[in-house]
Amino acid sequence: MTSETTAAPVTVDDGVIKAKHRAMWAMGDYPAVATEVVADLGPILVDACRVGSGTTVLDVGAGSGNAAIPAARTGATVTASDLTPELLDVGRAAAADEGLTLGWREDDVEHLGLEDASYDVVMSCIGAMFAPHHQETADEIARVCARGGTIGLLSWTPQGFIGQMFATMKPYAPPPPPGAQPPPLWGDVEHVRALFGDRVTDVEATTQTLAVDRFVDGEDFRDFFKATYGPMIAVYAAIADDPDKVAALDGALADLADRFGVRDGAMQWEYLLVTARRA
């Protein structure tokens, strides 16, 4: 007679996961990415959500305010929420320079400390997609959105440049914590529909591209992101003691940017824009 022992499932304390995420996004200089590379995305999302004067808006995963600040310019009452206080500090200063008043909250999109149905618009511009647990994130976004309100999400697609950048980095990165899901899944409309289910109606989804002309070649892109973009900085830190891996990733990222046309003047970075009505 034999006996088998089944290993207990590995669990990781959520606080540890979130602390690592917070530290990762504080690395480098993400506000430089937001202002020099992807600044046009925030206004696109604000327009799609029809934000205007008198609207109450919650921007989750707001970072340094790429969408929250354009929303405030319309006269809306805006709260920007993010896990990383260093990014919120940059956004707060930028808003003050424009004479704009926003609320700034350090908060976890998977566990928002906010009342049910408290905002007319709940949106996220390439922010909430990076929370590790997609269903919990969608549940909270739906919970705090008022009935009849608008949910707006702008996310990188799996097949687009940033999705492929993460695929390129994956073999060099530490394994994700148990239960974590890949961020670019938010760029798959069927995944988003499944997350929200019948809690939303009037779903509109379009795949669009952002023209990026900031970089002259693949090496220029790679070096800028190595210095500014937290997820890439974290991957390089994990392989820092292996020069061969560093060299291989250096080459792979530069080649990826070249394949996506960086030398042709403007790359096209694909994203999915989804708006829906809270049922």
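Criteria and cut-off values
- Residues numbered from 1 in each chain as written.
- Predicted model: local features only at pLDDT ≥ 70, side-chain atom pairs only at ≥ 80, totals over all residues.
- Heavy atoms only, no water.
- Helix = DSSP H or I, 4+ residues; strand = E, 2+ residues; numbered from the N terminus.
- Rg over C-alpha atoms; globule rule 2.2 N^0.38 Å.
- Areas by Shrake-Rupley, 256 points an atom, 1.4 Å probe, with all protein chains shown as cover.
- Contact = heavy atoms within 4.5 Å.
- Core = buried A, V, L, I, M, F, W, Y, C linked by side-chain atoms within 4.5 Å.
- Buried < 20%, exposed > 50% of the residue type's maximum accessible area, 1.4 Å probe, protein only.
- Pairing = 2+ DSSP bridges.
- Axes fitted to C-alpha atoms, helices over the stretch in contact; angles between N-to-C directions.
- Disulfide = S-S within 2.5 Å.
- Phe/Tyr/Trp six-rings, centres within 6.5 Å; stacked < 30°, edge-to-face > 60°.
- 1 Å grid on protein atoms, 1.4 Å probe; cavity = no way out; pocket = protein on both sides within 12 Å on 5 of 7 lines; lining within 4 Å.
- Points joined across faces, edges and corners; volume = space filled by probe spheres on them.
- Nonpolar A, V, L, I, M, F, W, Y, C, P; charged D, E, K, R; others polar.
- Arc of directions from axis to C-beta.

**So, the overall build of the chain**
If you tally the helices and strands in the chain, you get 11 helices and 7 strands. Relative to the globule expectation of 19 Å for 279 residues, the C-alpha radius of gyration of the chain, 19 Å, shows essentially globular dimensions. When its C-alpha atoms are laid out on the principal axes, the chain stretches across 65 × 55 × 30 Å. As displayed, the chain has an accessible area near 12,600 Å², and 51% of this comes from carbon and sulfur atoms.

**Section: the side chain of threonine 275**
Among the secondary structure elements, threonine 275 is positioned in strand S7 (residues 267–278). Those residues in contact with threonine 275 that sit more than four places away from it in its chain are Ala48, Ile151, Gly152, Asp202, Val203 and Glu204.

**Points about the nonpolar core**
Ranked by size, the top nonpolar core spans 86 residues in total, and within it Trp156, Met165, Phe196, Phe225, Tyr229 and Trp269 carry the most contacts. It is S7 that contributes the most residues to this core, 7 residues altogether. With sequence-adjacent residues up to four places away left out, phenylalanine 225 is seen in contact with Val33, Ile162, Met165, Phe215, Met232, Ile233 and Trp269.

**A few points about the sheet that holds strand S6 (residues 200–212)**
What the 7 strands build is an open sheet, ordered S3-S2-S1-S4-S5-S7-S6; its pairing is mixed. Of all strands in the sheet, those with a lone pairing partner are strand S3 (103–106) and S6, marking the two edges. Each adjacent strand pair in this sheet contributes to an overall mean axis angle of 15°, direction not counted. Sheet analysis places S6 next to S7, joined by 11 bridges and oriented antiparallel. Of the residues in S7, the one forming a bridge with threonine 201 is arginine 277.

**Details of unusual backbone geometry**
Most peptide bonds adopt trans geometry, and most residues besides glycine take a negative phi value. Backbone geometry at arginine 50 places phi at a positive 55°, although glycine is not the residue there. A positive phi angle is found at isoleucine 126, which is not glycine, with a value near 40°. With respect to the element layout, isoleucine 126 can be found in the loop between strand S4 (119–125) and helix H6 (134–144).

**Comments concerning the state of the cysteines**
Applying the stated criterion across every chain yields a total of 0 disulfides. Counting only cysteine sulfurs, cysteine 145 is the nearest neighbor of cysteine 49, a cysteine outside any disulfide, at a range of 9.4 Å. The buried category is assigned to cysteine 49, whose relative accessible area is 3%. Residue class for cysteine 145 comes out buried when judged on its relative accessible area of 1%.

**A short note on the packing of aromatic side chains**
In total, this model carries 19 aromatic pairs according to the counting rule given. Between the aromatic rings of tryptophan 156 and tryptophan 269, the centroid separation amounts to 5.8 Å while the plane-to-plane angle is 70°, which identifies the pairing as edge-to-face. One end of the pair, tryptophan 156, is in strand S5 (residues 145–156); the other, tryptophan 269, is in strand S7, and 113 residues separate them in sequence. Here tryptophan 156 and tryptophan 269 have matching classes, each one buried. Taking the centre distance of 6.4 Å and the plane angle of 65° together, the rings of phenylalanine 166 and tyrosine 229 count as edge-to-face.

**Focus: empty space enclosed by the protein**
This structure, assessed with the given rule, holds 4 cavities of 30 Å³ or more. By volume, the largest cavity is sized at about 370 Å³. Residue lining of the largest cavity: 30 residues in total, with Trp25, Gly61, Asp82, Gly127 and Ala128 positioned closest to the centre. Those elements that provide at least two residues to the lining of the largest cavity are helix H1 (14–26), helix H2 (30–36), strand S1 (56–60) and strand S2 (77–82). Broken down by element, the residue count for the lining of the largest cavity peaks at 3 residues, all from H1. Split by residue class, the lining of the largest cavity holds 15 nonpolar, 9 polar and 6 charged.

**Describing helix H3 (residues 41–48)**
When we look at burial in H3, the residues that qualify are Leu41, Gly42, Leu45 and Val46. What you see down the axis of H3 is that its buried residues fit within an arc of 135°, all on one side. Phi turns positive one or two residues past the end of H3, at arginine 50, with a value near 55°.

**Concerning the pairing of S7**
The side chains of a regular strand alternate between the sheet's two faces. Along S7, 10 of the 12 residues are buried, which leaves the element largely enclosed by surrounding structure. As defined by bridge partners, S5 adjoins S7 across 7 bridges and the pair is classed as antiparallel. Looking across to S7, one finds that glycine 152 is bridged to threonine 275.

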